[in-house]
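Here is how the chains run, residue by residue.
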Amino acid sequence: MRTIRIHVDQPLVTGGELDLPAQAGEHLARVLRLGEGAPVVLFNGDGGDYAAILVHVGKRVVRARIEGMQAVSNESPLALTLAQGVARGEKMDLIVQKATELGVARIVPLLTERSEVRLDPARAEKRLMHWRAVAASACEQSGRARLPQILPAQPLDGWLAELPRGGALRLALLPEGSRSLRSLVFAPAGGLLVVGPEGGLGERDVGSLHAAGFSGLALGPRILRTETAGLAALAALQAVHGDMG
């Protein structure tokens, strides 16, 4: 039987009991039809998996008791930040989900020169909460015990202005990029990878990135869609410099 992992956004303590999130509880009770005594694994992003058993399965409340904790060490040694031009609709969900599975440490949704998505403050907050839920679900599936940090959507120039000096290697996916995957050298701070939205990065974007010390990275002779490009680059970087392959 596969391990059932559930993200819980609260402190977890061995010996303690807690009510599971409503959606997770409903899935366990109604879809999986688990009863009292069934084992589950809880995690809250602190780096541990908490073995638990269900002690109450009701129509409205499913409660679990934590039996013990085990540290999980499956985070990539290559700390990568994906700064992704916000894509339309489900494309952005796919990017967040798969980037999480590929071990990304941080995701920054960017509003760029050619962005087709416009977010007012209320909608931006709603999308941020949704993307964080997508990442948590991807951690449940992939076995990660630490959630990637997902920052609020922000303009490219504003994000660049706030970047600390030095540290992470600065890369942008550009068709004319001159850097190759195997030529890269990462410091312990890891890397920043910028990917444009559906229309790509505009000239003003590229100028701002170069001024901020970003180098162009090329993946190959084909032009990839935004929902493919960043994920392909993350997988390749993890294979060459991280823990895949």
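Above this text is the structure in question.
What this report covers is the structure whose coordinates are included nearby.

The rules behind each value
Residues numbered from 1 in each chain as written. Predicted model: local features only at pLDDT ≥ 70, side-chain atom pairs only at ≥ 80, totals over all residues. Heavy atoms only, no water. Helix = DSSP H or I, 4+ residues; strand = E, 2+ residues; numbered from the N terminus. Contact = heavy atoms within 4.5 Å. Areas by Shrake-Rupley, 256 points an atom, 1.4 Å probe, with all protein chains shown as cover. Lys, Arg positive; Asp, Glu negative; His and termini not counted. Charge placed at Lys NZ, Arg CZ, Asp CG, Glu CD. Buried < 20%, exposed > 50% of the residue type's maximum accessible area, 1.4 Å probe, protein only. Pairing = 2+ DSSP bridges. Arc of directions from axis to C-beta.

**Quick notes on the overall build of the chain**
The helix and strand inventory of the chain stands at six helices and twelve strands. Along the longest, intermediate and shortest principal axes, the C-alpha atoms of the chain span 60 × 40 × 30 Å. Taking the contacts inside the chain whose residues are at least 6 apart along the sequence as the reference set, 70% of them involve residues at least 24 apart. Roughly 12700 Å² of accessible area belongs to the chain as shown, and the carbon and sulfur atoms make up 51% of that amount. Averaging the coordinates of the 27 positive side-chain charges in the chain and doing the same for the 25 negative ones gives two points 2 Å apart.

**Overview of the pairing of strand β11 (residues 191-195)**
In terms of burial, β11 is a largely internal element, five of the five residues being buried. Side chains of β11 alternate between two faces, with Gly191, Leu193 and Val195 and Leu192 and Val194 buried alike. By the bridge criterion, five bridges tie strand β6 (residues 80-85) to β11 in an arrangement that is parallel. Counted as the bridge partner of alanine 83 is valine 194 from β11. Sheet topology note: the strand β10 (residues 169-173)/β11 ladder contains four bridges and is parallel. Paired with alanine 172 across the two strands is valine 194, which belongs to β11.

**Notes on helix α5 (residues 203-211)**
Those residues of α5 lying buried are Asp205, Val206, Ser208 and Leu209. The buried residues of α5 all sit within an arc of 160° when viewed along its axis, so they share a single face. Residues Glu203, Arg204 and Ala211 are exposed on α5 and point more than 90 degrees away from its buried face. Buried residues in α5 make contact with α4 (156-162), β10 and β11. Backbone geometry just after α5 places glycine 213 at a positive phi near 90°.

That's the geometry; what it means functionally is another story.
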